[in-house]
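Structural characterization, general
Chain by chain, the residues run as shown.
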Amino acid sequence: MKLRILKSAVTNPWFNLATEDWIFNTLDADSHTLFLWRNSETVVIGRSQNPWVECKIDKMEADEVFLARRQSGGGAVFHDLGNTNFTFLSPKDDYDQEANFTIIINALKKLGIEADLSGRNDMQVGDKKISGSAFKHAADRSFHHGTLLVNANMQKLGDYLNPHPLKLKAKGIKSVRARVANLVEFNENINHEILSDAIIEAFYEYYNDTAPVEELDEASLAKQPTLNKYYQQMADWDWRFGKTPEFTHHIETRFDWGIIDLHLDVKQAVIRDVVIFSDALNVELIDLLKETLTDIKYDKHEINAKLAELGKAHADLAAQIDDVSKWLTSEMEG
């Protein structure tokens, strides 16, 4: 069985996740592949997660933090340049999840860090989580990817992964927070390059073989005809938001002109059904709001734009429409 080792010099998460898909779907049937990479500031959610439940979309947008949805399951994680990400790709018949964890644990041991497996997909040092993993399987191939906390900004991890509570009844997976620690707490000299070298060395030793390290960058991978397709998917709003499982958003408030009790049914990040209970005297306002909000993206910019158009078309109701717009979009902010 041949070995293949790839390292990415690119820190755009959509590019790296696209690269991961490209490697997975073009995997040599008789090779074990190791892919090492890291991302700029990013929240990565699992395939079945709701971004509005998991993270502060508005703060991420203001701080230019990426949102990425991976193909595999699992919970939400925060990536920055203080994370080292690893991916093991193998033919399904020769896939060994335990071997992958052993390689990472052996690499950490080389750096004086004693880690062990916790549950099905985490690694710990003592009682602190330092790594989480997720998995994906196809008919003839499998991958196991995870992140190692090297020197991540823990404050930002909390900033983006602890949303304000929304009245969302969401299907899908919700993350469970754990006590975490950076590897620099156990070895102050560790960094991405040192850790990557240790993982590669442990990979060689486990399989008793070597292979050249392929350095990946945008120029080299731009030559691959299928990579751009994967990149466009990862970057697309419909993938990052539109793949969100069905959920409902129920909010209620009182304005000077009446109570609004609003129920939004959202499917694939599009508002499919709107129910409004209100004691407002102007029934036309309620009908116009329901009509305008139905079948548009559950996206505060789109909602704001559509309601602004409605206000211009109905000047006599503009003040009330503006009230609803500001209230609704503020409730959507994490």
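Residues numbered from 1 in each chain as written. Predicted model: local features only at pLDDT ≥ 70, side-chain atom pairs only at ≥ 80, totals over all residues. Heavy atoms only, no water.

Here we come to the confidence of the model for the chain. Low pLDDT marks regions whose predicted coordinates should not be analysed in detail. Mean pLDDT over the chain: 89, with 94% of residues reaching 70 or higher. Ranking the helices and strands of the chain by mean pLDDT puts helix H6 (residues 192-207) first, with 97, and strand S11 (residues 168-170) last, with 61. (pLDDT = per-residue confidence, 0-100. Helix = DSSP H or I, 4+ residues; strand = E, 2+ residues; numbered from the N terminus.)

Here we come to the sheet that holds strand S4 (residues 66-69). Pairing in this open sheet of three strands is mixed, and the strands run S4-S3-S5 from one edge to the other. The open sheet has two free edges, formed respectively by S4 and strand S5 (77-79), since each of these has just one partner strand. For this sheet, the mean inter-axis angle between neighbouring strands, taken without regard to orientation, is 25°. Sheet analysis places strand S3 (residues 42-45) next to S4, joined by four bridges and oriented parallel. Considered in S4, the bridge of Thr42 is made with Phe66. Sheet strands touched by helix H1 (residues 13-25): S3 and S4. Its angle to S4, the strand with the most contacts, is close to 20°. Lying on the sheet, helix H5 (residues 154-161) is in contact with S3 and S5; it crosses S5 at an angle near 130°. (Pairing = 2+ DSSP bridges. Axes fitted to C-alpha atoms, helices over the stretch in contact; angles between N-to-C directions. Contact = heavy atoms within 4.5 Å.)

Turning our eyes to something else, we now look at the pattern of salt bridges. Tallying each qualifying case throughout the model produces 11 salt bridges. The salt bridge involving Glu193 is made with Lys7; its shortest N-O contact spans 2.9 Å. One end of the pair, Glu193, is in helix H6; the other, Lys7, is in strand S1 (residues 2-8), with 186 residues separating them in the sequence. Owing to a relative accessible area of 41%, Glu193 belongs among the partly exposed residues under this scheme. Overall, Lys7 belongs to the buried group, its relative accessible area being 10%. For Arg272, the salt bridge is made with Asp295, and the minimal N-O distance between the two is 3.6 Å. Separated by 23 residues along the polypeptide, Arg272 in strand S15 (residues 270-278) and Asp295 in the loop between helix H10 (283-293) and helix H11 (300-313) bring together distant segments of the chain. Accessibility expressed as a relative area gives 39% for Arg272, which makes it partly exposed. Taken together, the salt bridges that share partners define one network made up of Lys110, Glu201 and Glu205. (Salt bridge = Lys/Arg side-chain N within 4 Å of Asp/Glu carboxyl O. Buried < 20%, exposed > 50% of the residue type's maximum accessible area, 1.4 Å probe, protein only.)

Next up on the list: the layout of surface pockets. Approximately 270 Å³ is the volume attributed to the second largest pocket. Taken together, 17 residues make up the lining of the second largest pocket; nearest its centre are Ile57, Asp58, Glu61, Phe241 and Asp299. Elements that contribute at least two residues to the lining of the second largest pocket include exactly helix H3 (57-62), S4, helix H9 (237-240) and H11. Sort the elements by how many residues they give to the lining of the second largest pocket and H3 lands first, with four residues. Of the residues assigned to the lining of the second largest pocket, the class counts are 10 nonpolar, one polar and six charged. (1 Å grid on protein atoms, 1.4 Å probe; cavity = no way out; pocket = protein on both sides within 12 Å on 5 of 7 lines; lining within 4 Å. Points joined across faces, edges and corners; volume = space filled by probe spheres on them. Nonpolar A, V, L, I, M, F, W, Y, C, P; charged D, E, K, R; others polar.)

Right, let's talk about the side chain of Asn16 for a bit. For Asn16, the location among the structural elements is in helix H1. With relative accessibility at 0%, the residue Asn16 sits in the buried group. Once you skip the residues sitting within four places of it in the chain, Asn16 turns out to touch Ser8, Val10, Thr11, Phe35, Trp37, Arg38 and Asn39.

Here we take up unusual backbone geometry. The backbone of Ala269 sits at a positive phi, close to 65°, despite the residue not being glycine. Inspection of the secondary structure assignment puts Ala269 in the loop between strand S14 (258-267) and S15. With a phi angle near 70°, Asp295 is a residue other than glycine that sits in the positive phi range.

With that out of the way, let us pick up a negative patch on the surface. A surface patch of negative charge is lined by Asp93, Asp94, Asp96 and Glu98. Mapped onto the fold, Asp93 is located in the loop between strand S6 (83-91) and helix H4 (97-110). Residue Asp93 is classed as exposed on the basis of its relative accessible area of 82%. (Patch = residues over 30% accessible without salt bridge, like charges linked within 9 Å, V, L, I, M, F, W, Y side chains within 5 Å. Areas by Shrake-Rupley, 256 points an atom, 1.4 Å probe, with all protein chains shown as cover. Lys, Arg positive; Asp, Glu negative; His and termini not counted. Charge placed at Lys NZ, Arg CZ, Asp CG, Glu CD.)

Further remarks concern the side chain of Asn182. By secondary structure assignment, the location of Asn182 is in the loop between S11 and H6. At a separation of 3.4 Å, a polar atom in the side chain of Asn182 contacts the main-chain amide nitrogen of Asn151. Among residues more than four places away in sequence, those in contact with Asn182 are Leu149, Val150, Asn151, Ala152 and Met154. (Polar contact = N/O pair within 3.5 Å; in protein donor to acceptor, adjacent residues only side chain to side chain.)

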